[in-house]
Amino acid sequence: MPAPAPRKNHKVLGRLSLPERTFVADALRTETVGGVLLLAAAIAALIWANTPIRESYESVRDFHVGPAALGLDLSIEHWAADGLLAVFFFVAGIELKRELVAGDLRDPRAAALPVVAALSGMAVPALVYTLVNVTGGGSFDGWAVPTATDIAFALAVLAVIGTSLPSSLRAFLLTLAVVDDLFAILIIAVFFTENLNFAALGGAAVGLAVFWLLLRRGVRGWYVYVPLALVIWGLMYNSGVHATIAGVAMGLMLRCTTRKDEGEQRSPGERIEHLVRPLSAGLAVPLFALFSAGVAVSGGALGEVFTRPETLGVVLGLVVGKAVGIFGGTWLTARFTRASLSDDLAWPDVFAVSSLAGIGFTVSLLIGELAFAGDKALTDEVKAAVLMGSLIAAVLSGVLLKIRNAKYRRLWEDEERDEDLDGIPDIYEQDNPAYHLRMAEIHERKAAEHRRLAEVTGGASEGNDGPA
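Computed from a prediction, not measured in an experiment: that's the story for all the values here.

Thoughts on the nonpolar core
Thinking step 1. By size, the foremost hydrophobic cluster in this structure holds 105 residues, and its most contacted members are Phe 89, Leu 173, Met 250, Val 314, Ile 359 and Phe 361.
Thinking step 2. With 12 residues, helix H6 (residues 167–191) is the largest single contributor of residues to this core.
Thinking step 3. Once residues lying within four places of it in the same chain are set aside, the contact partners of Val 314 are Tyr 129, Val 145, Pro 146, Val 382, Ala 385 and Val 386.
Thinking step 4. Listed in part, the six residues of the second largest apolar core include Leu 74, Ala 86, Trp 233 and Ala 243.

See the structure below:
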């Protein structure tokens, strides 16, 4: 009886396929620009809220606008958190749908790594927060605050210190954030919904059904979908369920597969994401940061961040919990699936990216507002803790990534090299005979040129050998 064939050992964080690499590059390019704007907005908010003109910041942030008859007489801060972030979660819904039907998450074995890593990266920070507050006698209400990852802010850090990070690590971070966003949405829906208005919730469900039917019928036109989306959002807000749920629900309904028989180059979901992502990354999220990150910061306030159990739990959850959770989840997944890390990477690279995920700015601020809605002072202290934890995580990951930056630069150059100038990196054409024939022609032309130059320079030197 023949021995069973050995189980094939697969690679963790190996090189992406060319289509996936192209998609990730396009997505991260927009998110990186958005992350820089987000960082600028957060700094502007802190300056505005900590200078003599801070009263103007509070008056603008707390100014109410909107139709009260529809239950939408909201403050500017509230509009930013519930309205603008619905756009952010709409894009997150499209990203998740694409990953599930056309990206890495469609393959259960490939999906296991980012899903387990993301779940571990949410469970461990929640556990760290809980342990700190058990020992310190604090409130458990903020357990979900350190569970989120802000991909835009993380990419802004990469834009400064990790410009050569290999695409596989960038894709890992992006997929982590997509799964993270999904579970953050579930946390908001399950744990921060108290009083339900079933009439409004039913109306939102009907609106979503109409949205889905229009998509399936192939109806086009922003003038149809935008008004309908606003109605769904308003009903969802009045239902008691956080209004951002409407955004992710509509994003998940978009078709993210192409119909080759109809000559589609990109799916409707990809086209709409391409249009809406700049609005989300460049406007919605920075404005949310502008009206949420403006907390009073002083030496005493910063000192309290490390002494009060609620705020210390947030900081340690982001800095320690995220890094340990994601790294541990990744290592355990590789260990129990008999996978090995890509030959180009080392486990310290995974830990560096895991620590980068401790930047939990946008969604952490949102959950902090929801968790401590009845205590304005504690809400501001938790916001300060989110800012401090995110800053520490950014500095720590920046140092770790900088140590390996020379290695990353070599990997990046290999991924980008295109000597035959056909628009496809050479590393993806090693199995293509036409590529090797093109390269042979290029090298033959270069060899002929060098032979000609050798003859010219040889003749010149012989002519100079005579007596002076």
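Concerning a nonpolar patch on the surface
Thinking step 1. The grouping of Trp 222, Tyr 223, Val 226 and Leu 230 at the surface amounts to a nonpolar patch, some 510 Å² of accessible area in total.
Thinking step 2. Positionally, Trp 222 belongs in helix H8 (residues 222–239).
Thinking step 3. Judged by relative accessible area, Trp 222 falls into the exposed class, the value being 65%.

As for the pattern of salt bridges
Thinking step 1. Counted according to the given criterion, the structure contains 12 salt bridges.
Thinking step 2. Notably, a salt bridge pairs Arg 255 with Glu 264, separated by 2.9 Å at the nearest N-O pair. For the pair Arg 255 and Glu 264, a shared accessibility class is recorded, and that class is buried.
Thinking step 3. In this structure, Glu 381 engages Arg 308 in a salt bridge whose closest nitrogen and oxygen atoms are separated by 3.0 Å. With a gap of 73 residues between them, Glu 381 in helix H15 (residues 376–403) and Arg 308 in the loop between helix H11 (299–305) and helix H12 (309–336) connect regions that are remote in the sequence.

Here's the deal with the packing of helix H14 (residues 361–371) against H15
Thinking step 1. Two numbers describe how H14 lies on H15: the axes approach to 9 Å, and their chain directions differ by 160°. By the angle between their directions, the pair H14 and H15 is classed as roughly antiparallel. The handedness of the crossing between H14 and H15 is right-handed. Here Phe 361, Ser 364, Leu 365, Gly 368 and Glu 369 of H14 come into contact with H15, specifically with Thr 379, Val 382, Lys 383, Val 386, Leu 387 and Ser 390.
Thinking step 2. A per-class count over the contact of H14 with H15 returns five nonpolar, four polar and two charged.

Overview of the environment of Asn 133
Thinking step 1. Looking at the secondary structure, you find Asn 133 in helix H4 (residues 108–136).
Thinking step 2. The exposure class assigned to Asn 133 is buried, which follows from its relative accessible area of 1%.
Thinking step 3. When the C-alpha positions of Asn 133 and Arg 308 are compared, they lie 9.0 Å apart, and in sequence the two are 175 residues distant.
Thinking step 4. If near-sequence neighbours (up to four positions away) are discounted, Asn 133 is found in contact with Gly 138, Ser 139, Phe 140, Pro 309, Glu 310 and Gly 313.

Topic: the packing of aromatic side chains
Thinking step 1. Applying the stated criterion across every chain yields a total of nine aromatic pairs.
Thinking step 2. Here the aromatic rings of Phe 327 and Phe 351 are separated by 5.7 Å at their centres, their planes lie at 75°, and the arrangement is edge-to-face. Of the two residues, Phe 327 is situated in helix H12 and Phe 351 in helix H13 (residues 347–356); the sequence distance between them amounts to 24 residues.
Thinking step 3. Overall, the relative accessible area of 22% leaves Phe 327 in the partly exposed class.
Thinking step 4. Judged by relative accessible area, Phe 351 falls into the partly exposed class, the value being 30%.
Thinking step 5. Taken together, Trp 79, Trp 233 and Tyr 237 form an aromatic cluster joined through their ring pairs.

Notes on the confidence of the model for the protein
Thinking step 1. For the protein, per-residue confidence averages 83 on the pLDDT scale, and 89% of positions sit at 70 or higher.
Thinking step 2. No element of the protein has a lower mean pLDDT than strand S1 (residues 11–12), which averages 64, and none a higher one than helix H7 (residues 198–216), which averages 95.
Thinking step 3. The model gives residues 1–8 a pLDDT under 50, and that stretch makes two contacts with residues more than four places away or in other chains.

Description of the side chain of Thr 149
Thinking step 1. Here Thr 149 shows up in the loop between H4 and helix H5 (151–161).
Thinking step 2. In contact with Thr 149, not counting residues within four places along its chain, are Asp 180, Asp 181, Lys 322, Ala 357, Ile 359 and Gly 360.

So, the side chain of Thr 330
Thinking step 1. Checked against the element boundaries, Thr 330 lands in helix H12.
Thinking step 2. Note on Thr 330: relative accessible area 0%, which makes it buried.
Thinking step 3. A polar side-chain atom of Thr 330 sits 2.8 Å from the main-chain carbonyl oxygen of Ile 326.
Thinking step 4. Discounting chain neighbours no more than four positions away, the residues touching Thr 330 are Leu 113, Ala 117, Phe 172, Trp 347 and Val 350.

Side note on helix H3 (residues 76–101)
Thinking step 1. Here H3 is 26 residues long and its end C-alpha atoms lie 37 Å apart, about the 38 Å a rise of 1.5 Å per residue gives.
Thinking step 2. The axis of H3 is deflected most strongly, by about 35°, at Ala 86.
Thinking step 3. Of all the 26 residues making up H3, 19 are buried; the element is thus mostly covered by neighbouring parts of the structure.

Digging into H13
Thinking step 1. Most of H13 sits out of view: seven of its 10 residues are buried.
Thinking step 2. Residues of H13 that are buried include every one of Asp 349, Val 350, Ala 352, Val 353, Ser 354, Ser 355 and Leu 356, and no others.

Looking at the packing of H3 against H6
Thinking step 1. Here H3 crosses H6 at 120°, and the two axes come no closer than 10 Å. Seen from above, H3 lies across H6 with left-handed handedness. The segment H3 lies against H6, with Phe 88, Phe 89, Ala 92, Glu 95, Leu 96 and Glu 99 engaging Leu 174, Thr 175, Val 178, Asp 181, Leu 182 and Ile 185.
Thinking step 2. Here the contact of H3 with H6 is built from residues that sort into eight nonpolar, one polar and three charged.

Criteria and thresholds
Residues numbered from 1 in each chain as written. Predicted model: local features only at pLDDT ≥ 70, side-chain atom pairs only at ≥ 80, totals over all residues. Heavy atoms only, no water. Core = buried A, V, L, I, M, F, W, Y, C linked by side-chain atoms within 4.5 Å. Buried < 20%, exposed > 50% of the residue type's maximum accessible area, 1.4 Å probe, protein only. Helix = DSSP H or I, 4+ residues; strand = E, 2+ residues; numbered from the N terminus. Contact = heavy atoms within 4.5 Å. Patch = residues over 30% accessible without salt bridge, like charges linked within 9 Å, V, L, I, M, F, W, Y side chains within 5 Å. Areas by Shrake-Rupley, 256 points an atom, 1.4 Å probe, with all protein chains shown as cover. Salt bridge = Lys/Arg side-chain N within 4 Å of Asp/Glu carboxyl O. Axes fitted to C-alpha atoms, helices over the stretch in contact; angles between N-to-C directions. Parallel < 35°, antiparallel > 145°, perpendicular 65-115°, else oblique. Left-handed = near helix turned anticlockwise from the far one by under 90°. Nonpolar A, V, L, I, M, F, W, Y, C, P; charged D, E, K, R; others polar. Phe/Tyr/Trp six-rings, centres within 6.5 Å; stacked < 30°, edge-to-face > 60°. pLDDT = per-residue confidence, 0-100. Polar contact = N/O pair within 3.5 Å; in protein donor to acceptor, adjacent residues only side chain to side chain. Expected span 1.5 Å × (residues − 1). Bend = angle between axes of the 7 residues up to and from the residue.

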